[in-house]
Amino acid sequence: GKYPEALSEHKKALDMRLAVYGTEKPHPSVATSYNNIGGVYDSIGKYSEALAEFKRCLNMRLAVYGTAHPSVADTYDNINSVYKSMGKDPEA
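This write-up is about the structure you can find in this document. (Residues numbered from 1 in each chain as written. Predicted model: local features only at pLDDT ≥ 70, side-chain atom pairs only at ≥ 80, totals over all residues. Heavy atoms only, no water.)

Once that is clear, we can look at the side chain of T75. Inspection of the secondary structure puts T75 in helix α4 (residues 70-85). There is a polar contact of 2.7 Å between the side chain of T75 and the side chain of R61. Apart from residues lying up to four places away in sequence, T75 is in contact with F54, C57, L58 and R61. (Helix = DSSP H or I, 4+ residues; strand = E, 2+ residues; numbered from the N terminus. Polar contact = N/O pair within 3.5 Å; in protein donor to acceptor, adjacent residues only side chain to side chain. Contact = heavy atoms within 4.5 Å.)

Written out as structure tokens, the structure is:
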């Protein structure tokens, strides 16, 4: 795959979204960018970076949606998947 290119494009999208929505209040589109970046890191085995991005996503989605939302559940699943790839018990 073209992971470096994908990562670059996702980071550009994040920068654009931050420019549009700002950093003061959480926004679902910004959370999606963090999730996408985490997914690329996960795919290339950069698990620490993936966890950091997924946790940024989770914190933002929790702030936007609360605990009972499918996007929050999906993010917990992503974090769990990274821990499994690392051979660790999930801390999520």
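Along the polypeptide, E53 turns up in helix α3 (residues 47-65). Its relative accessible area of 11% is what places E53 among the buried residues. Sequence-wise, E53 and N35 are 18 residues apart; in three dimensions their C-alpha atoms are separated by 6.3 Å. Residues contacting E53, with those up to four places away along its chain left out, are Y34, I37, G38 and Y41. (Buried < 20%, exposed > 50% of the residue type's maximum accessible area, 1.4 Å probe, protein only.)

What follows covers the environment of K84. On the secondary structure map, K84 appears in helix α4. A relative accessible area of 58% means that K84 is categorised as exposed. Here the alpha-carbon distance between K84 and S48, two residues 36 residues apart in the chain, equals 13 Å.

Functional significance is not addressed by these values, which are geometric in nature.
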